[in-house]
Amino acid sequence: MSDHTDHHAPEGLRTRGTVVVVPGRGETRTTYGRLAARLAADAYRVRVVDAPDLAATGAGAPDGTDAALTRFGALVAEAVDGTAGPEGVTEPLVLLGADAGAAALAVHLGRTGTLPGGRRPDAVVLAGLPGRTAPGFGGWDEELDVRTSCPVHRGTLSDDIEVGRGSLGRALPDALLAAAYDTRLGMPALFLVGDADPLADRDALVRTAESLPRARLSVVRGARHDVLNDVQHRSVAAEIVSFLETLRNELVPPVAVATSAW
């Protein structure tokens, strides 16, 4: 069975870049089918990979975390290389992670700045980076309430037998999260967080974003932890596309508001 799912730009359109999506705890590639299709419709080559296995067992072992990150980096590099066409990987190359996927990308790229093999991503999107505590859940409905209020996304998660129920209640290693919030990303970074996400550490996110030379923290009103797939998913996808487009123009947004009544 393939360890990735591909979405291509519409036939006849020039591909504008490559986005590799890394899911979070409990999520599958199916979880990101809607987002990937929307980005692909805007002429981006999108590949969704499997979620990294980084959850702590007990207190978590730093050596085990390092080994897991090494494997993770190799898998992402392989996934990126696999998107190459006759002229290579279409740039800009952007890595997009959610929850544990965001933490793994923040740490790996903060340490090395590159993927194994030396390929340097042009930018990174980190969505729903969790705080250092993991709540207990009374059941699946309670976990769904933490994740999303979107009825379509709730159905997608509930109908997918591969989704890891209860996974948000399993903490990520403290060492991993500490390194994620202390990341030294050298490439442009877009952070996304829902203002109704009970797992988020907003103060830590602000400090991290402000410490980086080229970072933006975008807060999605009313969104819960699955900020990429909540009811605001269209606006979130538009924010990501806008970020992707600025990469082609030295981070200068293509649209500027001259005057507005709202």
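Along every chain, residues carry numbers that run from 1 in the direction the sequence is written. In view of the model being predicted, local features appear only for residues whose pLDDT reaches at least 70, and side-chain atom pairs are presented and counted only at 80 or more, with totals across whole chains, interfaces and linings using the full set of residues. To get the side-chain values, take all heavy atoms of the structure and skip hydrogens and water.

K.L.:
Help me out: how do you make sense of the overall build of the chain in this one?
P.N.:
Secondary structure follows DSSP: runs of H or I at least 4 residues long count as helices, runs of E at least 2 residues long count as strands, and numbering of each begins at the N terminus. In terms of helices and strands, the chain carries 8 helices and 7 strands. For this measure, only C-alpha atoms enter the radius of gyration; the expected value for a globule follows 2.2 Å times N^0.38, where N is the number of residues. For the chain, whose C-alpha radius of gyration is 17 Å, the value lies close to the compact-globule estimate of 18 Å for 262 residues. Each principal axis of the C-alpha distribution contributes one length, and for the chain these read about 50 × 50 × 40 Å. Exposure is judged per residue with a 1.4 Å probe applied to protein chains only, and the accessible area is read against the type maximum: over 50% gives exposed, under 20% gives buried, and values in between give partly exposed. Looking at the chain as a whole, 48% of its 262 residues qualify as buried. Considering only contacts within the chain whose residues lie at least 6 apart along the sequence, 80% involve residues at least 24 apart. Counted charges follow a simple rule, with Lys and Arg positive, Asp and Glu negative, and His plus the chain ends left uncounted. Just so you know, the charge point we use is NZ for Lys, CZ for Arg, CG for Asp and CD for Glu. Seen as two clouds, the 26 positive and the 34 negative side-chain charges of the chain have centres 3 Å apart. By the convention used here, residues are in contact when the closest approach between their heavy atoms is within 4.5 Å.

K.L.:
What's the story with the sheet that holds strand S2 (residues 18-22) in this structure? I'm lost.
P.N.:
As a general point, the strands of a sheet are linked pairwise by backbone hydrogen bonds and lie either parallel or antiparallel. Two strands form a pair only when DSSP identifies at least two bridges running between them. The strand order across the open sheet formed by 7 strands is S1-S3-S2-S4-S5-S6-S7, and the pairing between neighbours is mixed. Each having just a single partner strand, strand S1 (4-7) and strand S7 (215-220) make up the two edges of the open sheet. Between one strand axis and the next, the sheet turns through 15° on average, direction left out of account. Bridge analysis of S2 against strand S4 (residues 93-98) gives 5 bridges, and the strand direction is parallel. Across the sheet, the residue bridging to Val20 is Leu95, located in S4. Fitting a line to C-alpha atoms yields each axis, with helices limited to the stretch in contact; the angle taken between N-to-C directions then spans 0 to 180 degrees.

K.L.:
So what exactly am I meant to see when it comes to unusual backbone geometry here?
P.N.:
One can expect most non-glycine residues to show negative phi and most peptide bonds to be in trans. Omega for the peptide link from Glu91 to Pro92 comes to 5°, which places this bond in the cis form. Mapped onto the elements of the fold, Pro92 is located in the loop between helix H2 (62-81) and S4. Although it is not a glycine, Glu250 sits at a positive phi angle of roughly 55°. Tracing the chain through its elements places Glu250 in the segment after helix H8 (233-246). Taking relative accessible area as the criterion, Glu250 reaches 77% and is therefore assigned exposed. The phi angle at Leu251 is positive, at roughly 70°, despite the residue not being glycine. Within the element layout of this structure, Leu251 appears in the segment after H8.

K.L.:
Help me understand H8, please; the structure alone is not making it clear to me.
P.N.:
Along an α-helix, residues three or four apart share an orientation, since each turn contains 3.6 residues. In this scheme, a helix's expected span is set at 1.5 Å multiplied by one less than its residue total. If you check H8, its first and last C-alpha atoms are 20 Å apart, about what 14 residues at 1.5 Å a residue would give, namely 20 Å. Here H8 has its buried residues at His233, Val236, Ala237, Ile240, Val241, Phe243, Leu244 and Thr246.

K.L.:
Explain the pairing of S2 here, please?
P.N.:
Both faces of the sheet carry side chains from a regular strand, because those side chains alternate between them. S2 sits mainly inside the fold: 5 of its 5 residues count as buried. The two faces of S2 match: Thr18, Val20 and Val22 on one face and Val19 and Val21 on the other face are all buried. Looking at chain direction, S2 and strand S3 (residues 45-49) are connected through 4 bridges and run parallel. Residue pairing across strands places Val20 opposite Arg47, the latter belonging to S3. Handedness of a crossover is defined as follows: with both strands directed away from the viewer, a clockwise route from the first strand across the helix to the second makes it right-handed. Following the chain from S2 across helix H1 (residues 33-41) to the adjacent parallel S3, one finds a crossover that is right-handed.

K.L.:
Would you mind showing me how to read the pattern of salt bridges here?
P.N.:
Oppositely charged side chains may form a pair once their charged atoms are brought near each other. Note on definitions: salt bridges are taken to be side-chain nitrogens of Lys or Arg within 4 Å of carboxyl oxygens of Asp or Glu. The full count for this structure, using the stated rule, is 12 salt bridges. Across the pair Asp6 and Arg47 runs a salt bridge whose closest N-O atoms are separated by 2.6 Å. A residue pair is termed long-range when its members are at least 10 positions apart, and Asp6 in strand S1 and Arg47 in strand S3 qualify at 41 residues. Relative accessible area serves as the criterion here: at 28%, Asp6 is assigned to the partly exposed category. Overall, Arg47 belongs to the buried group, its relative accessible area being 5%. Between Glu143 and Arg147 there is a salt bridge; the shortest N-O distance is 3.6 Å. Within this pair, Glu143 and its partner Arg147 are both found in helix H4 (residues 140-147), separated by 4 residues, close to a single helical turn.

K.L.:
Is there a simple way to explain the nonpolar core in this structure?
P.N.:
Inside soluble globular proteins, nonpolar side chains tend to come together where they are buried. Counting residues in hydrophobic clusters, the biggest one holds 41 residues, and the most contacted among them are Val80, Leu95, Val124, Leu126 and Leu185. Secondary structure elements with two or more residues in this core: S2, H2, S4, helix H3 (100-112), strand S5 (123-127), helix H6 (174-181), strand S6 (189-194) and helix H7 (202-211). Sort the elements by how many residues they give to this core and H3 lands first, with 8 residues. Excluding residues within four positions of it along the chain, Val80 makes contact with Val20, Val89, Leu93, Leu95, Leu115 and Arg119. Within the second largest apolar cluster, 28 residues are counted, among which are Leu39, Val94, Ala123 and Val236. The nonpolar core is taken to be a set of buried Ala, Val, Leu, Ile, Met, Phe, Trp, Tyr and Cys residues, with the residues joined through side-chain atoms within 4.5 Å.

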